[in-house]
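Chain residues, written in single-letter form:
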Amino acid sequence: MICARSAVMLLKAVVSLLLLTASGLAQGTGQRLILDSQYDVNEWPHADEERPTNVSVQMFINSFGSLNAANMDYTVDVFLRQRWNDPRLVNAVIQKDMITITSNELQSKIWKPDTFFNNVKDAELHTVTMPNILLRIQNNGDVLYSIRLTLTLSCHMDLELFPFDDQKCYIALASYANTEDVIDYEWASVNPIDLPDQLEIAQFDLLNFTCKDTTQVFTTGNFSGLLVYFNLRRQNGYHVLQTYVPTILIVSISWVSFWLDPNAVPGRVSLGVTTLLTLTTLASGIRASLPPVSYVKAIDVWIGTCMIMVFGALLEFTLVNWLANKKIINHSQTMFKIPSLLAGSDYAETKAQEEEPSAAASPKTYITYARALDRLCRVIFPGGFLIFNLVYWPYYLVHQYMALPQSLV
């Protein structure tokens, strides 16, 4: 009887030694992990208790890339940290209270949640200089699993107020194969989303974020998941310098034609066509960076108005040139009396024409009317553009700052 017991004890010692050797050394001298021979990596930790395993999730946003409006996505570099308790690993660490596993072979023998991102387009696991994976096991069975990922995530954007828009982008994660009776995700109670102190996002300000739990319902079952929404407000400086200031200058240059002689055809045509083509080229560059949406954006209103102003200046020259070259057959054809304010230097000549229609000094064309129209447009076009600006800027700026007034604290 005693011999049998000794043989059993010897056999257990040999098995333990073999398991210990197979598991390998962990980080630090003397730290080792012993897995029970009945440990099944395909079975969740609380299967024997017939309840789901609670997985606590925390994210550190290492960097936040700019939103790509054309593709409607954005890129983030995150440390995804997941914590859970595995009762099968209680007292599995010998000689130490905690072990950090770096061996890929041993990591594959530990049960881990099959987390995936619902709205991911592309993902990359960092492997320089080694795979950026941390698996830490404590003697009470608590497990920390941290990985560093670069994710390109989809983000549906409403560009109606572009470039005075606010966007709400999100990260959605869940279990791919295990339903909610196997894995139950929850956000960490402290700092579920951790951000660096000096986080910079090109063209955007991060106002705040909101974390929530969710349940995703599919034909294959109900899956526990998590959501985090990032509220972002676009900065206006880039578009003001690259779009609004150049277009204001282009529109202003088109008004120079009102000071040229109505018969200066080459100069006025060249000026009108050049400003129109320049504005068209600038508008094409803006459209290339945006998706082909069906609704009108704030930038479309601006570019459209600028094109109307430039094209209107070109059409005004057409009318002025026609008047300047239309001959007066008889003086009864004069259209109306030109006010002295618009007549300018032509006032004396116009008055003589009205008093002595048959005088030899009377003009043979409607040149005085053409010049008067030019003088009128010198006021109407800048005044109309000024009124448009007084309506455009307050309207869109107020809408931008009313949408998401809260800031990230």
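Before going into details, it helps to say that this report is about the structure given with it.

About the thresholds
Residues numbered from 1 in each chain as written. Predicted model: local features only at pLDDT ≥ 70, side-chain atom pairs only at ≥ 80, totals over all residues. Heavy atoms only, no water. Helix = DSSP H or I, 4+ residues; strand = E, 2+ residues; numbered from the N terminus. Buried < 20%, exposed > 50% of the residue type's maximum accessible area, 1.4 Å probe, protein only. Contact = heavy atoms within 4.5 Å. Core = buried A, V, L, I, M, F, W, Y, C linked by side-chain atoms within 4.5 Å. 1 Å grid on protein atoms, 1.4 Å probe; cavity = no way out; pocket = protein on both sides within 12 Å on 5 of 7 lines; lining within 4 Å. Points joined across faces, edges and corners; volume = space filled by probe spheres on them. Axes fitted to C-alpha atoms, helices over the stretch in contact; angles between N-to-C directions. Parallel < 35°, antiparallel > 145°, perpendicular 65-115°, else oblique. Left-handed = near helix turned anticlockwise from the far one by under 90°. Salt bridge = Lys/Arg side-chain N within 4 Å of Asp/Glu carboxyl O. Polar contact = N/O pair within 3.5 Å; in protein donor to acceptor, adjacent residues only side chain to side chain.

So, the overall build of the protein
A count of helical and extended segments in the protein gives 8 helices and 14 strands. Sorting the 409 residues of the protein into buried and exposed places 41% on the buried side.

Considerations on the environment of Phe117
Locating Phe117 in the fold gives a position in strand β6 (residues 115-117). With relative accessibility at 9%, the residue Phe117 sits in the buried group. Residues Phe117 and Ala172, spaced 55 residues apart in sequence, show a C-alpha to C-alpha distance of 5.6 Å. With residues near it in sequence (within four places) discarded, Phe117 still touches Met59, Leu80, Leu149, Leu151, Leu153, Ile171, Ala172 and Leu173.

Section: the nonpolar core
Counting 76 residues, the largest nonpolar core has Phe64, Leu67, Tyr74, Phe117, Ile171 and Phe230 as its most contacted members. Filtering out sequence-adjacent residues up to four positions away, Phe64 remains in contact with Tyr74, Thr75, Val76, Leu199, Glu200, Ile201, Phe230 and Leu232. Among the nonpolar cores identified, the runner-up in size contains 8 residues, and Val320, Leu323, Ala324 and Ala370 belong to it.

Side note on empty space enclosed by the protein
On inspection of all chains with the given rule, the structure shows 1 cavity of 30 Å³ or more. Roughly 30 Å³ of volume is contained in the largest cavity. Forming the boundary of the largest cavity are Ser254, Ser257, Arg268, Gly272, Ala313, Leu314 and Phe317. Within the residue set of the lining of the largest cavity, elements represented by two or more residues are α4 (265-288) and α5 (298-325). The biggest single contributor to the lining of the largest cavity is α5, with 3 residues.

Remarks on the packing of helix α3 (residues 237-254) against α5
If you want to describe how two helices pack, look at the angle between their axes and the distance between the axes. Relative orientation of the contacting elements α3 and α5 amounts to 15°, with a least axis distance of 9 Å. It follows from the interaxial angle that α3 and α5 lie roughly parallel. Two packed elements cross with a definite hand, and for α3 against α5 that hand is left-handed. Here Thr243, Tyr244, Thr247, Ile248, Val251 and Ser254 of α3 come into contact with α5, specifically with Ile299, Trp302, Ile303, Cys306, Met309, Val310 and Ala313.

Describing the pattern of salt bridges
Enumeration according to the criterion identifies 9 salt bridges in this entry. Between Lys121 and Asp73 there is a salt bridge, with the nearest N and O atoms lying 3.5 Å from each other. Here the residue Lys121 occupies a position in strand β7 (residues 120-125), and Asp73 occupies one in strand β3 (residues 73-85), the gap between them amounting to 48 residues. Asp166 is paired through a salt bridge with Arg233; the nearest N and O atoms lie 3.3 Å apart. Remark: Arg233 occurs in strand β14 (residues 221-234) and Asp166 occurs in strand β10 (residues 166-175); sequence separation between them is 67 residues. The buried category is assigned to Asp166, whose relative accessible area is 16%. When salt bridges with common partners are traced through the structure, they connect Arg268, Glu316 and Asp374 into a single cluster.

A look at the environment of Tyr39
If you trace the backbone, Tyr39 turns up in the loop between β1 (32-33) and β2 (53-64). A residue is classified by how much of its surface remains accessible, and Tyr39, at 12% relative accessible area, is buried. Along the backbone, Tyr39 and Arg88 are 49 residues apart, and their C-alpha atoms lie at a distance of 7.1 Å. Tyr39 has contacts with Asp86, Arg88, Leu89, Lys109, Ile110 and Trp111, leaving out every residue within four places of it along the chain. In terms of polar contacts, Tyr39 uses its side chain to reach the side chain of Asp86, at 2.8 Å. Here the side chain of Tyr39 touches Trp111 through a polar contact of 3.1 Å, landing on its backbone nitrogen.

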